[in-house]
Amino acid sequence: MRKLIFTLALAAMTAMIPAEIIAKKQAPKRTAPKKEAVAKRTEAQVRDSLKTIKAAADAGDAKSQNEVGMWYYVGRHVDKDYKQAAQWWARAAEQNYTQAIGNLGLCYQTGNGVKKDTERAAKLYTRSVKDGNKALFAQLEKLATEKPANVFENALVAKFYREGIGTKEDINKALPFMKNLANAGDVQAQFDLGRIFLQDKQDAKAAQWFKKAADNGNINAAFFYGQLLMEGKGVPMDKKEGFNYALRAAEKDQPVAMYYVGNCYMKGEGVVCNAAQAVKWYKESAAKGNPNAQFELANAYRLGNGIERSYDQALNWYAAAATRGKLNAFKKMIPDSLANTPFMNYMKGVKYYQNNDFKAALNEFKAVEKAKITDGKVMQAVVLLNKDYEKQNFKKGVKLLSKAIEEGDAQALFYLGGCYEVGKGVAKDMDLAVRYVKQAAEMGYGPAECYLGDMYYEGRGVPQSYKDAAEWYAAADEQGLLNPAAAKRYAACYQQGLGGLTANKDKAAEILKHASRNTIGNLLKLI
């Protein structure tokens with residue numbers, strides 16, 4: 001590995017020699033004895049100067065620490081010792097001494113005095129250049145232009161020009177270094193070049209680099225190249241091949257690609273039309289937070305296209321999408337697609353119910369039932385089972401839930417389980433409660449999965465088991481349906497290593513971050 005010792009640091013050694021020494025070096029010629037005396041005095045003064053530098057370094061002077069580190073690295077004034085050099089540079093770097101930060105990066109790049117770590121070296125070089133180390137920038141740029149191309153230096157210089165580190169941001173100056181990387185087989189550079197050319201509307205060049213990156217395993221490049229093939233941009237149109245490239249990315253859990261593949265199945269582009277397969281991919285993408293997929297999944301649930309119709313699920317996924325930028329899209333649907341439909345009756349019923357206008361809610365839900373949609377029965381039952389409804393009718397509510405269950409409704413199973421748990425409209429029976437909730441959970445109904453997880457977490461109606469609790473929470477989480485209360489408990493399992501899980505605070509924080517939240521109210525304000 002080429003050494004990146006800075007000329008400025010070397011020059012500092014001379015600069016720190018006292019001025020009188022230089023003056024004596026320039027003195028007129030003397031007789032031989034006097035010359036020897038001057039030499040001896042000069043050597044003594046140099047030794048004194050070195051002692052002064054070392055004492056200053058010991059006292060914490062960053063510049064002197066950097067100097068002493070240089071002595072040890074090159075073996076000047078002391079025996080060469082990379083470990084000592086790294087230690088002195090680390091002390092100076094802790095005080096933000098720019099040259100020392102870069103010098104320490106050299107140690108990590110070469111593995112001299114420390115364990116080799118090129119990632120850390122890159123961070124130290126970046127920090128040093130960002131703080132004004134122009135000499136380091138120049139050296140890195142010079143090394144990057146040598147043949148054969150050195151990946152490490154090219155990557156750094158490309159980054160500096162792309163992000164404006166130590167220089168003005170200039171993508172054109174970054175391109176040669178990126179091409180060096182890409183031609184040397186750096187897959188990320190190949191993908192980045194594709195993005196740059198795509199943004200510059202140079203589709204043919206973009207396609208070239210995307211294909212190289214895709215064929216080298218970059219899933220994002222596979223998706224972009226698939227799109228170009230589907231649209232015939234920069235390459236001859238080939239929808240089948242385009243779909244296959246997009247599918248590669250989708251199968252590697254790329255959310256946007258999952259959504260795209262879902263659209264291909266729904267429209268029959270590049271593949272045989274298959275609404276059920278489309279919904280499968282929408283679900284995968286929606287669970288990872290893609291708002292477009294969430295919106296299309298909501299449409300599928302509302303229309304019963306590729307999946308059993310469920311207004312409950314549709315409304316929840318519309319709400320999830322709305323929080324991620326699709327609120328206006330939903331608003332536009334109201335006059336165009338939703339007015340005078342059973343789904344509008346359903347939303348009005350939910351809004352009335354939330355405002356405790358139970359009579360008006362019942363009327364809307366009856367209209368939904370009249371349209372032969374199971375959600376109408378379920379929500380009438382919810383109203384009739386509400387303790388605040390003056391005309392509550394537990395028996396009729398349970399009967400409606402039972403009819404909905406016969407139609408295969410998971411939400412009805414979940415609510416009936418709740419009835420058996422508390423003895424509302426039926427005799428209290430925890431075994432039946434668990435049975436119905438579990439059936440709903442096994443059908444993938446998110447609220448039931450969270451609720452069953454809670455039952456295992458608390459040992460309520462089932463043997464207490466953090467392992468089973470975590471598994472049901474995970475099932476809800478994988479679908480993007482983990483509610484905040486369940487998320488806290490699931491996170492606690494990772495924080496404390498419960499249920500056989502390995503303690504992982506980062507995983508716990510991630511769980512809490514993407515817990516789903518009920519934001520239906522934002523949609524209901526629009527009607």
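Counting starts from 1 at the beginning of each chain's written sequence and moves along it residue by residue. Local features in this predicted model are restricted to residues whose pLDDT is 70 or higher, and side-chain atom pairs enter the listing and the counts only when it is 80 or higher, whereas totals over whole chains, interfaces and linings include all residues. Excluding hydrogens and water, the side-chain values take into account all heavy atoms of the structure.

Caption draft 1: How the structure looks around helix α17 (residues 291-303). For α17, built from 13 residues, the straight-helix expectation of 18 Å at 1.5 Å per residue is met to within 8% by its first-to-last C-alpha distance of 18 Å. Burial classes: relative accessible area under 20% of the type maximum marks a residue as buried, over 50% as exposed, and values in between as partly exposed (1.4 Å probe, protein chains only). Strands are runs of DSSP state E lasting at least 2 residues, helices are runs of H or I lasting at least 4, and numbering of each runs from the N terminus. For α17, the set of buried residues is Ala 293, Gln 294, Phe 295, Leu 297, Ala 298, Asn 299, Ala 300, Tyr 301 and Arg 302. In this structure, the buried residues of α17 make contact with α15 (255-267), α16 (275-287), α18 (311-338) and α19 (342-354). By the criterion applied in these results, polar contacts are pairs of N or O atoms within 3.5 Å in which, for protein atoms, one can donate a hydrogen and the other can accept it, and in which residues neighboring in sequence qualify only through two side-chain atoms. The opening residue of α17, the one whose side-chain oxygen lies 3.1 Å from the backbone nitrogen of Asn 292, is Asn 290. A positive backbone phi angle near 70° is found at Gly 304, which sits one or two residues after α17. Each helix should span, by expectation, one fewer than its residue count multiplied by 1.5 Å. For this analysis, residues touch if any pair of their heavy atoms sits within 4.5 Å.

Caption draft 2: A look at the environment of Glu 296. Within the secondary structure, Glu 296 is located in helix α17. Relative accessible area serves as the criterion here: at 26%, Glu 296 is assigned to the partly exposed category. When sequence neighbours within four positions are dropped, the list of residues in contact with Glu 296 reads Tyr 259, Asn 263 and Tyr 282.

Caption draft 3: Just the nonpolar core, in detail. In this structure, Tyr 318, Phe 343, Tyr 346 and Leu 482 are the most contacted members of the largest nonpolar core, which totals 168 residues. At 13 residues, α18 tops the list of elements feeding residues into this core. Only buried residues count toward a nonpolar core. Its members are Ala, Val, Leu, Ile, Met, Phe, Trp, Tyr and Cys residues joined through side-chain atoms within 4.5 Å.

Caption draft 4: Representation of the packing of helix α23 (residues 410-422) against helix α24 (residues 430-442) within the structure. Between the N-to-C directions of two axes lies an angle of 0 to 180 degrees, each axis being a line fitted to C-alpha atoms and, for a helix, fitted only over the stretch in contact. Direction vectors running N to C along α23 and α24 enclose 160°, while the axes themselves pass 7 Å from each other. As judged from the angle between their axes, α23 and α24 are roughly antiparallel. Judged by the twist between their axes, the crossing of α23 over α24 is left-handed. Within the contact between the two elements, α23 uses Ala 410, Leu 413, Phe 414, Leu 416, Gly 417, Tyr 420 and Glu 421 and α24 uses Met 430, Leu 432, Ala 433, Tyr 436, Val 437, Gln 439 and Ala 440. Classifying every residue of the contact of α23 with α24 gives eleven nonpolar, two polar and one charged. For classification, angles of less than 35 degrees are called roughly parallel, those exceeding 145 degrees roughly antiparallel, those between 65 and 115 degrees roughly perpendicular, and all remaining angles oblique. When the near helix sits turned anticlockwise from the far one by under a right angle, the crossing is termed left-handed; a clockwise turn instead gives a right-handed crossing. All amino acids are sorted into three groups, where Ala, Val, Leu, Ile, Met, Phe, Trp, Tyr, Cys and Pro are nonpolar, Asp, Glu, Lys and Arg are charged, and the leftover types, Gly among them, are polar.

Caption draft 5: Focus on the confidence of the model for the protein chain. One confidence number per residue, pLDDT, is output by the predictor and ranges from 0 to 100. On average, residues of the protein chain score 91 in pLDDT, and 92% of them are at 70 or above. Note that pLDDT drops below 50 for residues 1-33; the model gives that stretch 56 contacts with residues more than four away or on any other chain.

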